[in-house]
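# Commentary on secondary and tertiary structure
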Amino acid sequence: MDVALGGTFDPVHDGHRRLFERAFELGDVTVGLTSDELAPKSRDVDRHVRSFDERKDALAAELDSIAADHNREFEIRMLESPTGIATEPQFDYLVVSPETREGGKRINEIRRENGHDPLEVVVVPHLVADDGDIISSTRIVTGEIDEHGTVIDD
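Structural notes, computed from the coordinates. (Residues numbered from 1 in each chain as written. Predicted model: local features only at pLDDT ≥ 70, side-chain atom pairs only at ≥ 80, totals over all residues. Heavy atoms only, no water.)

## Section: helix H4 (residues 101-113)
In this model H4 runs 19 Å from its N-terminal to its C-terminal C-alpha over 13 residues, within 8% of the 18 Å that 1.5 Å per residue would give. All of the buried residues in H4 are Gly104, Ile107, Asn108, Ile110 and Arg111. On an axial view of H4, the arc spanned by its buried residues comes to 160°, and they lie on one face. The exposed residues of H4 that point more than 90 degrees off its buried face are Glu102, Arg112 and Glu113. Where H4 is buried, its residues meet strand S4 (93-96) and strand S5 (120-123). Count one or two residues on from H4 and you reach Gly115, which has phi positive near 80°. (Helix = DSSP H or I, 4+ residues; strand = E, 2+ residues; numbered from the N terminus. Expected span 1.5 Å × (residues − 1). Buried < 20%, exposed > 50% of the residue type's maximum accessible area, 1.4 Å probe, protein only. Arc of directions from axis to C-beta. Contact = heavy atoms within 4.5 Å.)

What follows is the structure, given as C-alpha cells:
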C-alpha cells in the first residue's frame, strides 16, 4: 500500500512522529514537504520557517529510523500546492491531522474528477502538551513547549 502525507514539519515534534508512525503502519510513505513558497501560506501564524533543504534533511533523519522499524520505504517530495501529491493515482491512504481532514475531502473530490479511486483518509488525533493544549511547531518556535510537549518555564 502507498501512503501520502504532507506538511511543513518545522520543527518536527511528537505529534508529527505519531503521524509518521501511523503512516508507516499502513505502507510505504511519500511525504509532501511544503516548498519555500507554500510554507508561509500554510501557517496560521506568521513565523520563520527554515528552508526546504534544511527541513528535508531534518525530516529524512526522523523518517529513517521509523521506516526501518516498519521495514518500509519512504520518499520526500516538494509540495507546491495544498492538494499536492495525494491527487496522484498511486496512493491508497492519506494520513492527516484533525485540522487537515477537510483537505482530504478536497483531495478525494479531485481524484474522482480525474477518474481515480478515493483515498482512505486516516485522521490521527493531536497529541497534547503538559498544559493540555496541542503540541504544535509554532508553540515550540515561540518557546512555550519543547518537541515533546513539556512546558518551558521562563
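## Focus: the side chain of Ser136
Among the structural elements, Ser136 can be located in the loop between S5 and helix H5 (137-141). A distance of 3.1 Å separates a polar side-chain atom of Ser136 from the backbone nitrogen of Arg139. Setting aside chain neighbours within four positions, we find Ser136 in contact with His13 and Ile145. (Polar contact = N/O pair within 3.5 Å; in protein donor to acceptor, adjacent residues only side chain to side chain.)

## Points about the environment of Gly115
Topologically, Gly115 is positioned in the loop between H4 and S5. For the pair Gly115 and Pro89, spaced 26 residues apart in sequence, the C-alpha separation works out to 8.8 Å.

## Some words on unusual backbone geometry
Residue Pro11 is reached from Asp10 by a cis peptide bond, and omega for that bond is -5°. A positive phi is found at Phe9, a non-glycine position, where the angle reads about 50°. By the element assignment, Phe9 lies in the loop between strand S1 (2-7) and helix H1 (14-26). You can call Phe9 buried: its relative accessible area is 4%. Despite not being glycine, Asn71 shows a phi value in the positive range, around 55°. When you line up the elements, Asn71 lands in the loop between helix H3 (52-70) and strand S3 (74-79).

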